[in-house]
Amino acid sequence: MKYLRVFIILLSTFSFGLVRAGEGMWIPMLLQYNEKEMQEMGMRITAEDIYSINHSSLKDAIVLFGGGCTGEIVSDQGLLLTNHHCGYDYIQKHSSVQHDYLTNGFWAMNMGEELPCPGLSVIFLREMRDVTEKVLTGINIDMSEADRQAKIDENIKKIVAAVEKETKYKVSIKPYFLGNEYYLLLNEIYTDVRLVGCPPSNIGKFGGDTDNWVWPRHTGDFSIFRVYADKDGHPAVYDKDNVPYKPAKHLDISLKGAEEGDFAFVFGYPARTNEYLPAVAVDQEANLIDPIIVDLRGKVLDIYNKYQEQDPKVRIQYASKHASIGNGWKKWMGVTEGINHFHGVEKKRAFEKDFQEWALGARNRYMYIDLLNQFEKNYKELEPYQLAYTYFSEAGLRIELVSFAGRFVKLSEVTKDTPQGEIDAMITNLKTRSASFFKDYYEPIDREVAAMLLKEYLKAQPADFRPDFLNGIKDVDEYVDNLFNKSIFTDEAKVNELLDNFNAKNVKKLANDPALKVYQSLIGFYRNEVYDHISSLNATIDRQRRIYMKGQMDMQPDKRLFPDANFTLRVTYGKVEGFKPQDGKTYRHFTTLEGIIEKENPDIYDYVVEPRLKQLYNNKDYGRYADKDGTMHVAFTASVHTTGGNSGSPILNADGQLLGLNFDRCWEGTMSDLLYDPAICRNISVDIRYVLFIIDKFAGAHHLIEEMTIVE
Ligand code: ARG
Ligand code: GLU
């Protein structure tokens, strides 16, 4: 905490001469240091209202949802909101041809109809404590990395054991500021969480992958769950006698909407950012690695698209694969564009010049003097291995046949000494995997993808730095034809037959399968030529990054720095506002139902509009959920610093009331994971009034609205 002294707003080295917030993912227990600025920007509540361990506060309504998203409690009966794409897996698990909740939506009309979701948990943060001093006891800068880590682990173990004695909560300690500070977290985990409702996909996923990362946006990206507890309110495994969880606090919901310039903040669980990287690393990521991934994925997606357009069955088979490959593809494209457009590398270099001068300015800064040189050297050394890893994963393992064959490696290695029980378990498991693989497998796509990727792999990677199988290839097309014709893994019947009649002869057949051999060759190359180098270089780099982080804090004692996201609860704040993505182009901060009708296209899956929604639109039947301008607002943007994991997070107004749910960012500003720029970085939220409109007017689930606390 000693870095968080007096709070003075300084010109950020990376900003454009404007003093304005937006950047920063702040630790809730230290929010008193931001309070003044937040209030100057319009906030009417206090830091204590947001995070307190003495009385109930907004933090009591926020959860880590399903390990990867954020959710918030909106009633005194444990009702929870998160994104549709966060609840997706659970909605899917309850869906079948008879009950297609993905397509048609689902609404429990009473608590008895709510659906249990095994495997789903939500985590409440009960308290956090600064334990930096205790964790770093006995640590000094000259220690080897291994000794340092051993000492830290020992300290952490002791602290955790001591705290565990006095609490019923789950205790953990996490590094912040790349290991310069440590905080202890007391969490409570609830595992009986039930699905309450979700809109049909053409509302919850409206715009699909086409609109993903894009503004203007019209997605009703929400789903509803409920947290259950035992009779005393404690966490309990699912039991039909469990009761709705009574939170210490639930969020009030505002029907007023937000105007351009209004203060807003997001409270949730951002997963990972890298804001303090040296220029050489940003350059490597944005200008070398990301463009390769974008290029390879772009080519894969082109092939998917071609076949998906031809055949509705293939469209569904490849929808989910397309979504996950496409999500990163679009995001990293935005990172490269953004970093270059806003001269991110040059800005980092300019900062490094100042840093170097500062480091040379006093003798006790000796540990910083050679850092930047070391970064240049180590990242250069890392480069070929990063490239090798990129091709290994994005070109090699992307071939579905090869990854699938890889699942059978263990089975191909059984010997006469392997216990039968183990073999049976493997076979059962592989049968399940195989069924789900073939359900969504279309061989012509995979063949074309394989030929394309192997050509790219050969073109890009030097002969002495490739898996062996690649160096044996004379003609790629011929090779791929052979591979696909000879492997059994393209043929569900053959795979089933092998699994059904598994015997010693099959072991040999498996081990000799050409696709399995390709997999072995890839993995062998990665294990022997890449992994050790990457890990040992990264260990060195991590140490240097930690010291560099400390240097950046020492150099700017009056500037409040925030720790990179690490999947712990954070507050981030800014304003509701649109932006100018390009010269001559301006984006308004909100969208309306008109835009959904404009985008409507019954022939394009992503733009099909529900008839019932259209009817409500035609009748302008918006009830109290309309904006004062008379339209139905659907989504809005704000200059709030968010990242993956913030999906489902509440975005709140100056009074701490719910305005909407965060679900995405504009792709022009996705560089904010490396470098935040308030001019271009925007998060995207679905307007809570649209959410309520869908629940109430569209679905007729008025009983859910009754449970909530709504402020008109
Ligand atoms: N881009 C958002 C995120 O990174 C949403 C992803 C899900 N939506 C989709 N259309 N694929 O998680
Ligand atoms: N959709 C992302 C998520 O699931 C949020 C988008 C982002 O800011 O990266 O967390």
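For the structure, check the block above.
Residues numbered from 1 in each chain as written. Chains lettered and ligands numbered in written order. Predicted model: local features only at pLDDT ≥ 70, side-chain atom pairs only at ≥ 80, totals over all residues. Heavy atoms only, no water.

1. Digging into the pattern of salt bridges
Phase 1: One pass over the structure, following the stated rule, counts 42 salt bridges.
Phase 2: A salt bridge links Glu-127 to Arg-129; its shortest N-O distance comes to 2.8 Å.
Phase 3: Of the charged contacts in the structure, one is a salt bridge between Arg-546 and Glu-145, with a shortest N-O distance of 2.8 Å. Taken together, the residues span a long stretch of sequence, with Arg-546 in helix H23 (residues 514–555) and Glu-145 in helix H6 (residues 145–166) at a distance of 401 residues.
Phase 4: According to the relative accessible area criterion, Arg-546 is buried, its value standing at 8%.
Phase 5: The partly exposed category is assigned to Glu-145, whose relative accessible area is 25%.
Phase 6: Here the residues in one salt-bridge network are Asp-295, Lys-299, Glu-456 and Lys-459, joined through shared partners. (Salt bridge = Lys/Arg side-chain N within 4 Å of Asp/Glu carboxyl O. Helix = DSSP H or I, 4+ residues; strand = E, 2+ residues; numbered from the N terminus. Buried < 20%, exposed > 50% of the residue type's maximum accessible area, 1.4 Å probe, protein only.)

2. Concerning the pairing of strand S18 (residues 633–638)
Phase 1: Within S18, six of the six residues are buried, which leaves the element mostly enclosed by the surrounding structure.
Phase 2: Relative to strand S21 (residues 683–687), S18 runs antiparallel, the two being bridged by four bridges. Paired with Thr-637 across the bridge in S21 is Ile-684. (Pairing = 2+ DSSP bridges.)

3. Examining the site of ligand 1
Phase 1: Lining the immediate environment of ligand 1, one finds His-85, Gly-208, Asp-209, Asn-212, Trp-213, Asn-327, Phe-663 and Asp-664.
Phase 2: Side-chain polar atom of Asn-327 to a nitrogen atom of ligand 1: 3.0 Å apart, as the coordinates give it.
Phase 3: Side-chain polar atom of Asp-664 to a nitrogen atom of ligand 1: 2.9 Å apart, as the coordinates give it.
Phase 4: If ligand 1 stood free it would expose 340 Å²; the protein chains cover 82% of that surface. (Near = heavy atom within 4 Å. Polar contact = N/O pair within 3.5 Å; in protein donor to acceptor, adjacent residues only side chain to side chain. Areas by Shrake-Rupley, 256 points an atom, 1.4 Å probe, with all protein chains shown as cover.)

4. Some points on the state of the cysteines
Phase 1: Inspection of the entire model under this criterion finds one disulfide.
Phase 2: The residue that forms a disulfide with Cys-69 is Cys-86, at a sulfur-sulfur distance of 2.1 Å. One disulfide, between Cys-69 and Cys-86, carries an S-S torsion of -75° and so falls in the left-handed class. Of this pair, Cys-69 sits in strand S2 (residues 69–73) while Cys-86 sits in helix H3 (residues 84–93), placing them 17 residues apart in sequence.
Phase 3: Owing to a relative accessible area of 10%, Cys-69 belongs among the buried residues under this scheme.
Phase 4: Take Cys-666: it sits in no disulfide, and the sulfur closest to it among the cysteines is that of Cys-681, at 9.1 Å.
Phase 5: A relative accessible area of 0% places Cys-666 in the buried class. (Disulfide = S-S within 2.5 Å.)

5. Comments concerning the packing of aromatic side chains
Phase 1: Under the defined criterion, the tally for this structure stands at 41 aromatic pairs.
Phase 2: Both rings, one in Tyr-276 and one in Phe-562, keep their centres 5.9 Å apart while their planes meet at 55°; by these two values the pair is tilted. A residue pair is termed long-range when its members are at least 10 positions apart, and Tyr-276 in the loop between strand S13 (263–268) and helix H9 (279–310) and Phe-562 in the loop between H23 and strand S14 (570–575) qualify at 286 residues. Like Phe-562, Tyr-276 is buried.
Phase 3: Between Phe-375 and Tyr-379, the aromatic rings sit 6.1 Å apart at their centres with planes inclined by 40°, giving tilted as the arrangement. One end of the pair, Phe-375, and the other, Tyr-379, are both in helix H14 (residues 371–396), four residues apart, so they sit about a helical turn from each other. In this structure, Phe-375 and Tyr-379 share a single accessibility class: buried.
Phase 4: Grouping aromatic residues by their ring pairs yields a cluster made of Phe-351, Phe-355, Trp-358, Tyr-368, Phe-375, Tyr-379 and Tyr-548.
Phase 5: Sitting above the plane of the Tyr-605 ring, Arg-315 keeps its charged end 4.1 Å from the centroid.
Phase 6: We note Lys-620 situated over the ring of Tyr-617; from NZ or CZ to the ring centre the distance is 3.7 Å. (Phe/Tyr/Trp six-rings, centres within 6.5 Å; stacked < 30°, edge-to-face > 60°. Lys NZ or Arg CZ within 6 Å of the ring centre and 35° of its normal.)

6. Some points on the nonpolar core
Phase 1: Counting residues in each nonpolar core, the largest one holds 210 residues, and the members touching the most others are Leu-411, Phe-489, Tyr-690 and Ile-695.
Phase 2: Here this core takes 16 residues from H23, the largest share from any one element.
Phase 3: Non-local contacts of Tyr-690, meaning those with residues more than four positions away in its chain, are made with Ile-203, Gly-220, Leu-593, Ile-596, Leu-613, Met-632, His-633 and Val-634.
Phase 4: Val-131, Ile-139, Ile-156 and Tyr-182 belong to the second-largest nonpolar core, a separate cluster that totals 14 residues. (Core = buried A, V, L, I, M, F, W, Y, C linked by side-chain atoms within 4.5 Å. Contact = heavy atoms within 4.5 Å.)

7. Description of the packing of helix H20 (residues 476–486) against H23
Phase 1: Their axes nearest at 8 Å, the elements H20 and H23 cross at an angle of 120°. Regarding the angle of H20 to H23, the classification is oblique. On the side of H20, the interface is formed by Tyr-479, Leu-483 and Lys-486, while H23 contributes Pro-514, Ala-515 and Val-518.
Phase 2: Counted by class, the contact of H20 with H23 contains five nonpolar, no polar and one charged residues. (Axes fitted to C-alpha atoms, helices over the stretch in contact; angles between N-to-C directions. Parallel < 35°, antiparallel > 145°, perpendicular 65-115°, else oblique. Nonpolar A, V, L, I, M, F, W, Y, C, P; charged D, E, K, R; others polar.)

8. Topic: the environment of Phe-206
Phase 1: For Phe-206, the position within the fold is in the loop between helix H7 (201–204) and helix H8 (208–211).
Phase 2: A residue is classified by how much of its surface remains accessible, and Phe-206, at 2% relative accessible area, is buried.
Phase 3: For the pair formed by Phe-206 and Val-608, sequence separation is 402 residues and the distance between their alpha carbons is 7.8 Å.
Phase 4: The residues touching Phe-206, leaving out its near neighbours within four places in the chain, are Ser-201, His-218, Thr-219, Ile-596, Lys-599, Asp-606, Tyr-607, Val-608 and Val-609.

9. Quick word on helix H12 (residues 344–360)
Phase 1: Along its 17 residues, H12 runs 24 Å from first to last C-alpha, staying within 8% of the 24 Å computed at 1.5 Å per residue.
Phase 2: Along H12, the residues classified as buried are Gly-344, Val-345, Lys-347, Lys-348, Phe-351, Glu-352, Phe-355, Trp-358 and Ala-359. With its buried residues spanning 150° around the axis, H12 presents them on a single face. What points out from H12, more than 90 degrees from its buried face, is the exposed set Glu-346, Lys-353, Glu-357 and Leu-360.
Phase 3: Residues of H12 that are buried in the fold lie against H9, helix H11 (319–341), helix H13 (366–369), H14 and H23. (Expected span 1.5 Å × (residues − 1). Arc of directions from axis to C-beta.)

10. Comments concerning the site of ligand 2
Phase 1: As a structural note, the neighbourhood of ligand 2 is formed by His-85, Trp-213, Thr-643, Gly-644, Gly-645, Asn-646, Ser-647, Phe-663, Asp-664 and Arg-665.
Phase 2: Residue His-85 places a side-chain N or O atom 2.9 Å away from an oxygen atom belonging to ligand 2.
Phase 3: At 2.6 Å, a side-chain N or O of Arg-665 approaches an oxygen atom of ligand 2.
Phase 4: For ligand 2, the protein covers 87% of the area, taking 300 Å² as the surface of the free molecule.
Phase 5: At three residues, the largest contribution of residues to the shell around ligand 2 is made by strand S20 (residues 658–665).
Phase 6: Here the shell around ligand 2 is built from residues that sort into two nonpolar, six polar and two charged.

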